[in-house]
Amino acid sequence: MGSFVEINDTLQLTTEQGFPVHIFDLEKHQTTPITLKDVEGMVFEFKDKPSARIFQLDPVRVYYVHNVNGKWLFWGRVLIQSQHIQKLLNDDGTWDGESWKTSGTYTILNIYDPKYQHTFTLNEAPDDRNYYK
């Protein structure tokens, strides 16, 4: 008997999971780069990451990725402020014995400038999930 907990160094989020597209818009970023000053003092939330996950905690950096229709676009690095793992219950309140979801909060450590963002994504995203391939 055992359990499965995933340890992640990358916070990869869809818009539905809480990626803040109202701030991190690629087209706008390429014209007028987003800076740390734009997000200073903000704490962001994520939710419904499938599975039980442990993210590296502040002060250790976690890569920040927007999952756009299955393609990964790296934006920078974040610091995890909190995380919560809970059972994923069915509509009738039962549990299948294995499904979990993870949520939490984070702050932005740094934001990649558009050229570096492109290069980093090309080099670090898995080939089958690379935003630029």
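Shown above is the structure to which this text applies.
Residues numbered from 1 in each chain as written. Predicted model: local features only at pLDDT ≥ 70, side-chain atom pairs only at ≥ 80, totals over all residues. Heavy atoms only, no water.

Let's hear about the overall build of the chain: which residues, and what values?
Secondary structure assignment for the chain yields 3 helices and 7 strands. Ordered by position from N to C terminus, the α and β elements of the chain give β-β-α-α-β-β-β-β-β-α. Here the chain has a C-alpha radius of gyration of 16 Å; the compact-globule value for 133 residues is 14 Å, and the two agree. With the principal axes as the frame, the chain shows a C-alpha extent of 50 × 35 × 25 Å. Burial analysis of the chain (133 residues in total) assigns 39% to the buried set. When the accessible surface of the chain is split by element, carbon and sulfur atoms take 50% of a total near 8,100 Å². (Helix = DSSP H or I, 4+ residues; strand = E, 2+ residues; numbered from the N terminus. Rg over C-alpha atoms; globule rule 2.2 N^0.38 Å. Buried < 20%, exposed > 50% of the residue type's maximum accessible area, 1.4 Å probe, protein only. Areas by Shrake-Rupley, 256 points an atom, 1.4 Å probe, with all protein chains shown as cover.)

How would you summarise helix α3 (residues 114–124) if you had to cite specific residues and measurements?
Among all positions of α3, only Pro114, Gln117, Phe120 and Thr121 are buried. All buried residues of α3 lie within an arc of 125° about the axis, which places them on one face of the element. Set apart from the buried face of α3 by more than 90 degrees, the exposed residues are Lys115 and Asn123. Looking at the buried residues of α3, the elements they touch are α1 (26–31), β5 (62–68) and β6 (71–89). Where α3 starts, the residue carrying a side-chain oxygen 3.1 Å from the main-chain nitrogen of Lys115 turns out to be Asp113. (Arc of directions from axis to C-beta. Contact = heavy atoms within 4.5 Å. Polar contact = N/O pair within 3.5 Å; in protein donor to acceptor, adjacent residues only side chain to side chain.)

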